[in-house]
Amino acid sequence: MKQFFMRDRIRAIAAVTAAAVMLCFSGAGVIAQESRESNDSSQYIPVTPAMYQVNPLYEGLITLSDIDYGPELQVTKQQVLNAENKVGSVDEAANVIKEGLKSKSKTMSIPFEFQGAYNGTQLVNIADSAFNKALVHTGRGDEGDYLKWGYSGRGMQVGYSQSNGKTIGTFSYTMTYYTTAAHEQSVTASGNQIAAGLGLASKGEYDKIVSVYQYVCNNVQYNYGSSTMKYSCYAAAVENSAVCQGYALLVYRLLNDYGVGCRMLAGNTSNGQHGWNIVRVNGLYYNIDSTWDAGKSADQYTYFMKSDADFVNHTRWAQYSGADFYSEFPMSPNSFDTGDIGSAGSIKSVSLDKDKLTLKIGTSSELSVSVNPSKAASKCTWKSSDKSVATVSSSGKVKGVAPGTCEVTVTAPDGKHKDTCYVTVTEKDVAIKSLKLNKKKLKLAKGKKYELEVKVKPDGASTGSLVWKSSNNKIAKVTKKGVVKAKGKGKCTITVSTKDGKKKATCKVTVK
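Read on for a plain summary of the structure. Values in this document were obtained by computation on a predicted structure and should not be read as measured data.

## Let's talk about the side chain of T498
Move 1: Secondary-structure assignment places T498 in the loop between β28 (490–497) and β29 (504–511).
Move 2: A polar atom in the side chain of T498 sits 3.3 Å from the backbone nitrogen of K502.
Move 3: Excluding anything up to four places from it in sequence, T498 contacts I432, L435, S465, L466 and K503.

## A short note on a positive patch on the surface
Move 1: A surface patch of like charges, here positive, comprises K446, K449, K477, K485, K487 and K489.
Move 2: Relative to the assigned elements, K487 resides in the loop between β27 (483–486) and β28.
Move 3: In this structure K487 comes out as partly exposed when scored by relative accessible area, which is 37%.

## A word on the sheet that holds strand β20 (residues 418–426)
Move 1: Strand order in the open sheet made by the four strands is β13-β20-β19-β16, with mixed pairing throughout. Across the chains shown, the open sheet's two edge strands, defined by having one partner strand only, are β13 (356–360) and β16 (381–384). Each strand axis lies, on average, 25° off the axis of its neighbour in the sheet, ignoring direction.
Move 2: Judged from the eight bridges that link them, strand β19 (residues 404–411) and β20 form a sheet pairing that is antiparallel. Following the sheet pairing, V408 is matched in β20 by C421.

## Some details on empty space enclosed by the protein
Move 1: Tallied over the full model, the rule gives three cavities of 30 Å³ or more.
Move 2: Computed from the structure, the largest cavity encloses a volume of approximately 80 Å³.
Move 3: In terms of lining residues, the largest cavity is bounded by K104, Y146, W149, G150, Y178, T179, E184, Y231, S232, C233, Q245 and L249.
Move 4: Residues of the lining of the largest cavity, tallied by class, amount to six nonpolar, four polar and two charged.
Move 5: Its boundaries defined by the atoms lining it, the second largest cavity holds a volume of some 50 Å³.
Move 6: For the second largest cavity, the full set of lining residues is A50, Y52, P71, G155, M156, Q157, S172 and T174.
Move 7: At the level of elements, β3 (151–163) and β4 (166–177) are the ones that each hand at least two residues to the lining of the second largest cavity.
Move 8: Here the lining of the second largest cavity gets three residues from one element, more than from any other, and that element is β3.
Move 9: When its residues are assigned to classes, the lining of the second largest cavity shows four nonpolar, four polar and no charged.

## Examining helix α3 (residues 120–134)
Move 1: When the terminal C-alpha atoms of α3 are compared, their 21 Å separation across 15 residues agrees well with the 21 Å that a helix rising 1.5 Å per residue should span.
Move 2: Looking at α3, one finds that the buried residues are G120, L123, V124, I126, A127, D128, A130, F131 and A134.
Move 3: Elements in contact with the buried residues of α3: β1 (51–54), α2 (90–102), β2 (107–115), α4 (145–148), β3 and β4.
Move 4: Between the side-chain oxygen at the start of α3 and the backbone nitrogen of T121 there is a gap of 3.2 Å, and the oxygen is on N119.

## Examining the sheet that holds strand β10 (residues 304–306)
Adjacent strands of a sheet pair through backbone hydrogen bonds, lying either parallel or antiparallel.
Move 1: The strand order across the open sheet built from five strands is β10-β9-β8-β7-β11, with neighbouring strands paired in antiparallel fashion. The open sheet has two free edges, formed respectively by β10 and β11 (315–316), since each of these has just one partner strand.
Move 2: Relative to strand β9 (residues 284–288), strand β8 (residues 272–281) runs antiparallel, the two sharing five bridges. Residue pairing for β9: N277 is matched across the bridge by I288.

## Remarks on the pattern of salt bridges
Move 1: Enumeration over the complete set of coordinates arrives at 16 salt bridges.
Move 2: With its nearest N and O atoms 3.8 Å apart, the salt bridge here joins K102 to D142. Separated by 40 residues along the polypeptide, K102 in helix α2 and D142 in the loop between α3 and α4 bring together distant segments of the chain.
Move 3: For K102, a relative accessible area of 21% puts it in the partly exposed group.
Move 4: By relative accessible area, which is 17% here, D142 ends up buried.

## What to know about the packing of helix α6 (residues 205–219) against helix α8 (residues 244–257)
Move 1: For the pair α6 and α8, the least separation of the axes is 10 Å and the interaxial angle reads 150°. Both α6 and α8 take part in a crossing whose hand is right-handed. On the side of α6, the interface is formed by K208, I209, V212 and V216, while α8 contributes Y247, L250, V251, L254 and L255.
Move 2: Looking at side-chain class alone, the contact of α6 with α8 contains eight nonpolar, no polar and one charged residues.

## Topic: the environment of M108
Move 1: The residue M108 is located in strand β2 in this model.
Move 2: Residues M108 and L437 lie 329 residues apart in sequence; the distance between their C-alpha atoms is 92 Å.
Move 3: Leaving out residues up to four positions away in the same chain, M108 has contacts with I97, G100, L101, F171, S172, Y173 and M175.

## Focus: the nonpolar core
If you look at soluble globular proteins, the nonpolar side chains tend to sit buried side by side.
Move 1: Of all hydrophobic cores here, the largest spans 66 residues; its most connected members are W149, F304 and M305.
Move 2: If near-sequence neighbours (up to four positions away) are discounted, M305 is found in contact with Y206, I209, V279, V281, Y286, N287, I288, S335, F336 and T338.
Move 3: With 27 residues, the next largest nonpolar core counts F114, V124, A127 and F171 among its residues.

Rules used throughout
Residues numbered from 1 in each chain as written. Predicted model: local features only at pLDDT ≥ 70, side-chain atom pairs only at ≥ 80, totals over all residues. Heavy atoms only, no water. Helix = DSSP H or I, 4+ residues; strand = E, 2+ residues; numbered from the N terminus. Polar contact = N/O pair within 3.5 Å; in protein donor to acceptor, adjacent residues only side chain to side chain. Contact = heavy atoms within 4.5 Å. Patch = residues over 30% accessible without salt bridge, like charges linked within 9 Å, V, L, I, M, F, W, Y side chains within 5 Å. Areas by Shrake-Rupley, 256 points an atom, 1.4 Å probe, with all protein chains shown as cover. Salt bridge = Lys/Arg side-chain N within 4 Å of Asp/Glu carboxyl O. Lys, Arg positive; Asp, Glu negative; His and termini not counted. Charge placed at Lys NZ, Arg CZ, Asp CG, Glu CD. Buried < 20%, exposed > 50% of the residue type's maximum accessible area, 1.4 Å probe, protein only. Pairing = 2+ DSSP bridges. Axes fitted to C-alpha atoms, helices over the stretch in contact; angles between N-to-C directions. 1 Å grid on protein atoms, 1.4 Å probe; cavity = no way out; pocket = protein on both sides within 12 Å on 5 of 7 lines; lining within 4 Å. Points joined across faces, edges and corners; volume = space filled by probe spheres on them. Nonpolar A, V, L, I, M, F, W, Y, C, P; charged D, E, K, R; others polar. Expected span 1.5 Å × (residues − 1). Left-handed = near helix turned anticlockwise from the far one by under 90°. Core = buried A, V, L, I, M, F, W, Y, C linked by side-chain atoms within 4.5 Å.

So yeah, pure geometry; function would need other evidence.
The structure is reproduced here in structure tokens:
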């Protein structure tokens, strides 16, 4: 499946390091020279070059020619002095930017006033820091990652001057989004409708995750089209068609809106770059990927509530795999016990405890199946190749019906894993007429083992009551299953017999 994420790399916006993604509209081509205090407050104050940058998350997918450009910043000193609500810190500027991003403001002009003297480069760094801080995860569905992935490009310019020992000016941003304010209103309305239908308000933490995950998997289809709208939550929530980013943003929006800790992550897979979510239950986080489980029944989910170790084919980008990130969003060392959810799709092996079984007519025996993971055992199906000989229940109970042979098979839902037991059904009482061992003589080195095989006649006669015995346990011992273990040098005789002793067979053992 083709994915639509490009590697997220942290880039400085300062003029020295951002030359590759900047276009200059100031005419000077460099950061404006140090501002000197002027008595003429009606003149435009100096400005830094206008710097335009594609959202690093979309680098390679979006180009500078695809984003919007605004006019060069023109602001007078008097306009800044007269401006209300001037910001005085990075935090204050970040809050204003955050609200502008949420309302899809295409242009944002933020007046500022800082104590002391700042040059252009310092102010560009402050403007960039404030913007990045506006994108920090807050736990609200319409903030944090939702805003971080919601724009395709940004322009930035700073106008500044000095006044009475202070630096004053304006931070200016020109934004390019995938959606409009009207689109976001539709997302909110759709999200409220989805949440009401799922009853999220009255559910617990894990049940909210299950409900949202199943809704997204069942209702959003993968979009292979060319429209950039497919990268948005709007595409998933309203149009029900998106790429992985849209899936993950809808999960992020719904869960955070209803109190479940959720982040949107990105990384690499064998299919390319990809996005998914982590969700919190009881203080620990688990990986979920609604894109890769989309269209499946719940028991077939493969990427739901997984630990990192079990979340195969997903490698996080560096910003999501560092010690600081894991400290803030600690992952569970084990996958969550989801019961029947994901049970079928997660089966890795199926194995029966017996490969042969002999029953008398009318008697039963329970076959035990080992399934990895064990919780998926209930999803396996049982089948007899000939019900006229033996039947098998949904729990593996085999019952003899008539003399003969058949096969009993247990199979995983996907049909990829199965195991078979060969069943022989005999008359109720079949007496052993003869016994024969596969070895009449056996030589063993001290400490070695060998399992003797006994053949009985007629076929189907029970071997459950056979008795094994060694003539000298100091030389060789034998188990109830005919396993001979050499103990010391010498010779002895191993005997297998019926319980009444009327039928027997022997093997002479020499221990070197």
